[in-house]
Amino acid sequence: MGLARKDLLRMQDMTADEIRLILDTAESMKQVAGRDIKKVPALRGKTLINLFYEASTRTRTSFEIAGKWLSADVINVSTSSSSVAKGESLKDTGLTLQAMHPDIVVLRHPASGAAEFLAKQLAASVINAGDGAHEHPSQALLDLFTIREKKGRLEGLKAAIVGDIAHSRVARSSIHGMRKVGMEVRVAGPRTMLPCFIDRLGVEVFTDLERAIADVDIIMMLRLQLERQQAGLFPSLREYSRLFGLTLPRLKGAKSDVLIMHPGPINRGVEIAPEVADGPYSLILNQVENGVAVRMALLYLLAGAPQAG
Amino acid sequence: MVRGFFYALNLMAAELNEKAQILDQAGIQRAVTRIAHEIVERNKGTNDLVLIGLRSRGVDLARRIAQELKIIDGADIPVGTLDVTLYRDDLGRVGIQPEVRKTEISFSINEKRVVLVDDVLYTGRTIRAALDSLIDLGRPRLIQLAVLVDRGHRELPIRADYVGKNVPTSRQEQVQVLLTEEDGVDGVLIVKG
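What this report covers is the structure whose coordinates are included nearby. As the structure is a computational prediction, the values presented were derived from the model and not from experiment. (Residues numbered from 1 in each chain as written. Chains lettered and ligands numbered in written order. Predicted model: local features only at pLDDT ≥ 70, side-chain atom pairs only at ≥ 80, totals over all residues. Heavy atoms only, no water.)

**Re the overall build of chain B**
Each helix and strand counted, chain B has five helices and eight strands in total. Start at the N end of chain B and walk to the C end: the helices and strands fall as α-β-α-β-α-β-β-α-β-β-β-α-β. In chain B, of all internal contacts separated by at least 6 residues, the share reaching a separation of at least 24 is 68%. Within the structure as shown, chain B displays about 10100 Å² of accessible surface, and the carbon and sulfur contribution to it stands at 50%. (Helix = DSSP H or I, 4+ residues; strand = E, 2+ residues; numbered from the N terminus. Contact = heavy atoms within 4.5 Å. Areas by Shrake-Rupley, 256 points an atom, 1.4 Å probe, with all protein chains shown as cover.)

**Some details on the overall build of chain A**
Helix and strand content of chain A: eleven helices and nine strands. Its C-alpha atoms give chain A a radius of gyration of 19 Å, near enough to 19 Å, the size a compact globule of 309 residues would have. Taking the principal axes of its C-alpha atoms as reference, chain A extends roughly 55 × 45 × 35 Å. Among the 309 residues that make up chain A, the fraction classed as buried is 58%. By sequence separation, contacts in chain A at least 24 residues apart represent 74% of the contacts at least 6 residues apart. Working note: accessible area of chain A is about 12700 Å², and carbon and sulfur atoms make up 52% of it. Charged side chains of chain A number 39 positive and 34 negative; the gap between the two group centres comes to 1 Å. (Rg over C-alpha atoms; globule rule 2.2 N^0.38 Å. Buried < 20%, exposed > 50% of the residue type's maximum accessible area, 1.4 Å probe, protein only. Lys, Arg positive; Asp, Glu negative; His and termini not counted. Charge placed at Lys NZ, Arg CZ, Asp CG, Glu CD.)

**With respect to the pattern of salt bridges**
All names here are of chain B. One pass over the full model with this rule turns up 37 salt bridges over all chains. The partner of Arg55 in a salt bridge is Glu104, and the shortest N-O contact between them spans 3.2 Å. Of this pair, Arg55 sits in the loop between strand S2 (49-54) and helix H3 (57-73) while Glu104 sits in the loop between strand S3 (79-82) and strand S4 (113-121); the two residues are 49 residues apart in sequence, bridging distant segments of the chain. Given a relative accessible area of 28%, Arg55 falls into the partly exposed group. (Salt bridge = Lys/Arg side-chain N within 4 Å of Asp/Glu carboxyl O.)

**Considering the sheet that holds strand S1 (residues 19-23) of chain B**
Residue and element names in this part refer to chain B. The three strands lie next to each other as S1-S8-S7, forming an open sheet whose pairing is antiparallel. Pairing within the sheet leaves two strands with one partner each, and these edge strands are S1 and strand S7 (174-178). Strand-to-strand twist across the sheet, computed as the mean angle between neighbouring axes with direction ignored, equals 30°. Where S7 meets strand S8 (residues 187-191), five bridges bridge the pair, whose relative direction is antiparallel. What sits directly across from Gln176, in S8, is Leu189. (Pairing = 2+ DSSP bridges. Axes fitted to C-alpha atoms, helices over the stretch in contact; angles between N-to-C directions.)

**With respect to the nonpolar core**
Judged by nonpolar contacts, the single largest core of 88 residues is most densely connected at Leu70(A), Ile161(A), Met183(A) and Leu86(B). Broken down by element, this core gets its largest block of residues, eleven residues, from helix H11 (residues 284-303) of chain A. Residues contacting Leu70(A), with those up to four places away along its chain left out, are Met29(A), Val40(A), Pro41(A), Ala42(A), Leu43(A), Arg44(A), Met296(A), Leu299(A), Tyr300(A) and Leu86(B). Counting residues in hydrophobic clusters, the runner-up holds 29 residues, among them Val167(B), Val175(B), Val177(B) and Ile190(B). (Core = buried A, V, L, I, M, F, W, Y, C linked by side-chain atoms within 4.5 Å.)

**Digging into helix H2 (residues 58-69) of chain A**
Residue and element names in this part refer to chain A. Between its terminal C-alpha atoms H2 stretches 16 Å, which fits the 16 Å expected from twelve residues at 1.5 Å a residue. Turning to H2, its buried residues are Thr59, Ser62, Phe63, Glu64, Ala66, Gly67 and Trp69. A positive backbone phi angle near 75° is found at Ser71, which sits one or two residues after H2. (Expected span 1.5 Å × (residues − 1).)

**Section: the packing of helix H5 (residues 137-151) of chain A against H11(A)**
Describing two packed helices takes the angle between their axes plus the distance from one axis to the other. Residues and elements named next belong to chain A. Look at H5 against H11: their axes get within 8 Å of each other, and the N-to-C directions meet at 115°. Here H5 is positioned roughly perpendicular relative to H11, judged by the angle of their axes. As for the relative orientation of H5 and H11, their crossing is right-handed in sense. Contacts between H5 and H11 pair Ser138, Gln139, Leu141, Leu142, Asp143, Phe145, Thr146, Glu149 and Lys150 from the former with Asn286, Gln287, Asn290, Gly291, Val294, Arg295 and Leu298 from the latter. (Parallel < 35°, antiparallel > 145°, perpendicular 65-115°, else oblique. Left-handed = near helix turned anticlockwise from the far one by under 90°.)

**Focus on H3(B)**
All names here are of chain B. A rise of 1.5 Å per residue sets the reference length of H3, with its 17 residues, at 24 Å; its end C-alpha atoms lie 24 Å apart and thus fit the reference within 8%. Within the sequence span of H3, burial applies to Gly58, Val59, Asp60, Leu61, Ala62, Arg64, Ile65, Ala66, Glu68 and Leu69. Each element contacted by the buried residues of H3 is listed here: helix H2 (25-42), S2, S3, S4, strand S5 (142-150) and helix H5 (180-183). Looking one or two residues beyond H3, the residue adopting positive phi is Gly74, at roughly 75°.

**Regarding the environment of Arg295(A)**
All names here are of chain A. Residue position: Arg295 is located in helix H11. Looking at Arg295, the relative accessible area reads 2%, which means it is buried. Residues within four places of Arg295 in sequence aside, it is in contact with Arg58, Thr59, Ser62, Phe63, Ala66, His136, Ser138, Gln139 and Leu142.

**Notes on the pairing of strand S4 (residues 125-131) of chain A**
Consecutive side chains along a regular strand alternate between the two faces of the sheet. Residues and elements named next belong to chain A. Where burial is concerned, most of S4 is hidden: seven out of the seven residues are buried. Summarising the sheet, strand S3 (residues 104-109) and S4 pair through five bridges and their orientation is parallel. The partner of Val105 across the bridge, within S4, is Val126. A crossover connection joins S3 to the parallel S4 through helix H4 (residues 114-121); in handedness this β-α-β unit is right-handed. (Right-handed = clockwise from strand over helix to strand, strands pointing away.)

Here it is in structure tokens:
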């Protein structure tokens, strides 16, 4: 029982059984959120450090709440107010933190592979909370949890992931995760935002939004990362929105029970119209709520794992 | 020579694994019925009574007790399910990471008379975890404990209010409770370690 691994770095090397264990555990964790006393003693005496080199509201808060509800001590290190601002390297920051004996370090970093690098330095478990354009596994897991909760199953479902696939760690983690549990995955976006050879991950590629969403069960809209758009990948925001924005009229061509997801934060009126984001099929806030339960499951399964010796 | 040694070892193992049945189906049924009667007597009826079973066989026993209470008193007593994994005191110790399962209690336990139901009472550590867990769910008027088998060897100051059968055991022995709902057959066995 349990995860036979120290770290959670990428969905690419998770097995379907591990994913199932995490989702099942998260289901039990969700019950704690519905109680008056939202705290269980499972991780008493464990220390969780949130080390965030990039801005984040929901992921950091969600890991913090998850840790606190499990009774772990949670410390947030944001880089602007720490020694990182003085030029300390990730390795030295890692070793410094290690000397304080944390049990879990949650890392968000702009460089792909940063979590793996840190995991090799530390005895503590490392959870990748987003490394560059590489992976964001806890987001993929909470998305799978939310889909399973609504649809009652995962296998055989069809999902379309829409937007800037090339720069999206959420897309990469979701593709791996969805494929492993037996879902069909499509990606759609402007050619300039679709990586070469993306089809090798076992996805169907579309450049026409309407065709891509016609018969899918889930539409996952990605945030247009305005901070990464200096490269001129599309002519104008308005054109992107006109071709790849999810609007009510466009949604008419989709299945009547289609579910809409978005990892947030959303650009209202760019990749998703406000009526759609706030509409009945939108799971955006369910995703946030479930994020806490899924992260509780991850913390329990990693920190609660039997220590060798 | 080596083969002979393993043969002897196998014989010993077979002997050690000998099972003795201490309750059969009728015995379990009588114990459940008696516990139900004692609950009604001790609480002077079934007002404000709720049953909470510990996963997983405690839940089956709680349902059976609820059926008996229905026959005795005509009342439908709510039954909830408690999973105490997150409250265990041995998490993270060598070799232990139990699966977390769901707690399902669809009613408020505030001001209720809660009867906690489990199959075997042994060290008392599970019951300690269950008590902590219940207190986090609300403030019951009182909590009582019903178990099918009390096998002794307490490590905490905990006792049961209702006991199906007291069974003196050694720590090397295991008590196996089999219930039709989980195991397809009713019975309580002692397995020598």
